[in-house]
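Listed here are the chains, written in short residue letters.
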Amino acid sequence: MEAATFTSATQFPTAGSSYSSSSSLHTCGSHSLQFFRRSSHKLKPSKGFSIRASSFVDDDSVVTLLDYGAGNVRSVRNAIRFLGFDIKDVQTPEDIMNAKRLIFPGVGAFAAAMDVLNKKGMAEVLCAYIEQDRPFLGICLGLQLLFESSTENGPVKGLGLIPGVVGRFDSSNGFRVPHIGWNALQIDKDSQILDDIGNRHVYFVHSYRAMPSDDNREWISSTCNYGDNFIASVRRGNVHAVQFHPEKSGDVGLSILRRFLYPKCEITKKPVQRKASKLAKRVIACLDVRTNDKGDLVVTKGDQYDVREHTKENEVRNLGKPVDLAGKYYLDGADEVSFLNITGFRDFPLGDLPMLQVLRYTSENVFVPLTVGGGIRDFTDGSGRYYSSLEVASEYFRSGADKVSIGSDAVYAAEEYLKTGVKTGKSSLEQISRVYGNQAVVVSIDPRRVYLKDPNDVEFKAVRVRNPGPNGEEYAWYQCTVNGGREGRLIGAFELAKAVEELGAGEILLNCIDCDGQGKGFDIDLIKLISDAVSIPVIASSGAGAVEHFSEVFSETKASAALAAGIFHRKEVPIQTVKEHLFKEGIEVRM
Ligand code: 1PR
């Protein structure tokens, strides 16, 4: 690596010099920063964003990470390491004051985060650190906590460094909450860390946001439009915070982190003033994973959920290795990668350590959101040890997942809820979304079409279908299944979708067994039915066979994302070609 100039703050007070540790509730509230003299140091930079810089251990290569243990910050760690830095975790308030550069990837809920910061005596120190203009990067909740307060389970007081209240997005104007996905930003001023991004998209996932006002205008470096014009990033001197997730924003996110870590790096582009974009439609690559008959974990793909070859051996179709394929799809431009452990319903996922390893290895090199599903439920193992679904999900999050997807167990929870009208709070869906936020919980629906002559023949929502059934039936309802399509249940996809939204799902992955692997297009009737019925994002899945199927599903339904498997595994159409087609059709995508 070549040498480059690196500017670092060196004359700051160190441990204990300018704060007192206290567990009482603390806010800073002065809205003023003192600026300190800085001196230059030489630091070896990495050559490019996509090349892993080799690690070297000196003080300048260490990033201090404020992880208060409320959730998964593995991706932030991976991105920091990918850029050639070592990580020192904050254990005590002194570690904050001793930091050369501090990253605060806030996760979880606002109140819980403030509580931990106050109890550990870190709130006051953090304010002192920021007020001294020391290098700081807050991410997501790490931005929100800088404000005066939040309405999330509140009002709850924040650190009070930036004037303003963090509030929930308004879903009454038709915008889906959480705001999940890729948006371009309106850059409002020289933000330094955003100088490379131009009109490229970054990844957001949040339900709360801070709004621009005259009082906080001097802080704002960019805004984003999602129903409202909200604050996407702030900057004052060496203090930065972003509402989006650079560690999940692919190459552009790595370049943002890199600019924070190497503030004087050579790559300089003039900041591009541009209008914020609409939320981009996402293209997701899905990897159905299971153990084959030889005991290897492989990516497979079924036709209408049948994943076995129709040969004498009848073996599980093997389309490649999960980590390799996920890495390839990331480089090809996938906006997200989903792993579905398709035999999770009968195997215990925590016994399935290869799947956890797959997540760990994948998350080291894949910097877009990762979802994992399969087997998320309460479980008692052979020795009688009970594992809650929350423990199972936590293990997935710790291993690198950003979202978990629940299939069968969500069907049972919805059935119970519809029968009793009571939210027990005990279902996997409710527990996981309470702890990790609903944006972290996807419900995967596996419905099968049941044709009807008369929509009144069933108690479930039926729709008129474009292609009549085998006996000329003009209607169908969509029957939910469990255990990988093996068992039909007495609940429709419409009823299930509405129930799981109420129970706390943040997103719906809408498969269709009839279309799976057929390459004849998505089930537009089904996707329209569900995406009109709920106000959380819907991922259309099953049946993609040509680029036109993607533009069709986005033009004719309110799907937020389209997921495909076979078309990518069989190398029929590259992900980039799908995106170019969507772009040509005037559909906003991340390029
Ligand atoms: O019930 O919580 O253990 O979760 C099991 C998960 O595994 C569910 O998400 C369920 O959809 C999935 N699953 C179970 N069995 C199968 C199977 O194929 N035998 N895969 C299966 C479902 C469906 C898709 C597929 C799309 C796109 N895979 O996600 O990737 O249909 O395919 P295409 O583009 O080739 O048409 P639980």
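Residues numbered from 1 in each chain as written. Predicted model: local features only at pLDDT ≥ 70, side-chain atom pairs only at ≥ 80, totals over all residues. Heavy atoms only, no water.

Undergrad: Pulling in residues and values, what's your account of the environment of D457?
TA: On the secondary structure map, D457 appears in the loop between β25 (447-452) and β26 (462-464). Taking the relative accessible area as the measure of exposure, D457 reaches 52% and is therefore exposed. Considering only alpha carbons, one finds D457 and W477, 20 residues apart in sequence, at a separation of 9.9 Å. (Helix = DSSP H or I, 4+ residues; strand = E, 2+ residues; numbered from the N terminus. Buried < 20%, exposed > 50% of the residue type's maximum accessible area, 1.4 Å probe, protein only.)

Undergrad: Tell me about the site of the ligand, and name the residues and values.
TA: Neighbouring the ligand are 24 residues, the closest being S408, S444, D446, D516 and S542. D288 is positioned such that a nitrogen or oxygen atom in its side chain is 2.9 Å from a nitrogen atom of the ligand. The contact in question runs from an oxygen atom of the ligand to an N or O atom on the backbone of G566, over 2.9 Å. Protein contact buries 98% of the 780 Å² of open area that the ligand shows by itself. Elements supplying a minimum of two residues to the shell around the ligand: β17 (282-291) and β31 (561-564). Residues belonging to the shell around the ligand are distributed by class as follows: 8 nonpolar, 12 polar and 4 charged. (Near = heavy atom within 4 Å. Polar contact = N/O pair within 3.5 Å; in protein donor to acceptor, adjacent residues only side chain to side chain. Areas by Shrake-Rupley, 256 points an atom, 1.4 Å probe, with all protein chains shown as cover. Nonpolar A, V, L, I, M, F, W, Y, C, P; charged D, E, K, R; others polar.)

Undergrad: Provide a residue-level description of the nonpolar core, including the pertinent values.
TA: The biggest cluster of nonpolar side chains holds 173 residues, and the ones touching the most others in it are F339 and F550. If you tally residues by element for this core, the top one is helix α4 (residues 122-131), at 8 residues. What F339 contacts, discounting residues up to four positions off in sequence, is L287, V289, P322, A326, M355, V358, L359, T362, L370, T371, V372 and G373. Counting residues in each nonpolar core, the second largest holds 9 residues, with I284, L509, A561 and L563 among its members. (Core = buried A, V, L, I, M, F, W, Y, C linked by side-chain atoms within 4.5 Å. Contact = heavy atoms within 4.5 Å.)

Undergrad: Please give an account of the pairing of strand β27 (residues 475-482) that cites residues and values.
TA: The element β27 is largely enclosed, with a buried count of 8 among its 8 residues. Alternating positions in β27 separate into two faces, Y475, W477, Q479 and T481 on one and A476, Y478, C480 and V482 on the other, with burial throughout. The sheet contact formed by β25 and β27 spans 6 bridges and is antiparallel. Within β27, the position partnered with Y451 by the bridge is A476. Pairing of β26 with β27 involves 3 bridges; the strand directions are antiparallel. Bridge assignment links R464 to a residue of β27, and that residue is Y475. (Pairing = 2+ DSSP bridges.)

Undergrad: Quick one: what's the story with the sheet that holds strand β7 (residues 147-150), residue by residue and with numbers?
TA: The sheet built from 4 strands is open, its strands ordered β8-β7-β9-β13 with mixed pairing. Two strands bound the open sheet, and with one partner strand each, they are β8 (156-157) and β13 (208-210). Direction of pairing for strand β9 (residues 162-168) relative to β13: antiparallel, over a ladder of 3 bridges. If you follow V166 over to β13, its bridge partner there is A210.

Undergrad: Mind laying out the environment of F568, listing which residues take part and the relevant values?
TA: As for its placement among the helices and strands, F568 is situated in helix α15 (residues 566-569). F568 gets classed as buried once you look at its relative accessible area, which sits at 5%. Spatially, the C-alpha atom of F568 lies 7.4 Å from that of A285, the residues being 283 residues apart in sequence. Those residues in contact with F568, other than ones at most four positions away along the chain, are V283, I284, A285, Y329, F550, V573, P574, I575 and V578.

Undergrad: Explain the environment of S433 to me, using residue names and the numbers behind them.
TA: Note on placement: S433 falls in helix α11 (residues 428-436). It is 7.0 Å that separates the C-alpha atoms of S433 and A505, two residues lying 72 residues apart in sequence. Excluding anything up to four places from it in sequence, S433 contacts N438, V441, L503 and G504. There is a polar contact of 2.9 Å between the side chain of S433 and the backbone oxygen of L429.

Undergrad: Describe the pairing of strand β29 (residues 507-510), listing the residues and the values that go with them.
TA: By the alternation rule, side chains of β29 split into E507 and L509 and I508 and L510, which are all buried. Where strand β24 (residues 441-445) meets β29, 4 bridges bridge the pair, whose relative direction is parallel. The residue bridging V443 from the neighbouring strand is I508, located in β29. Taken together, the 3 bridges between β29 and strand β30 (residues 538-541) define a ladder with parallel strand orientation. In the sheet register, L510 faces β30, and the bridge partner there is A540. One crossover worth recording links β29 to the parallel β30 by way of helix α13 (residues 524-533), and it is right-handed. (Right-handed = clockwise from strand over helix to strand, strands pointing away.)

Undergrad: Requested: an account of the packing of α13 against helix α14 (residues 547-556), with residues and values cited.
TA: At their nearest, the axes of α13 and α14 sit 10 Å apart, and the two run at 35° to each other. In the crossing of α13 with α14, the sense of the turn from one axis to the other is right-handed. Between α13, through I524, I527 and K528, and α14, the contact on the second element is made entirely by E552, V553 and E556. Broken down by class, the residue content of the contact of α13 with α14 amounts to 3 nonpolar, no polar and 3 charged. (Axes fitted to C-alpha atoms, helices over the stretch in contact; angles between N-to-C directions. Left-handed = near helix turned anticlockwise from the far one by under 90°.)

Keep in mind these numbers describe shape, not what the thing actually does.
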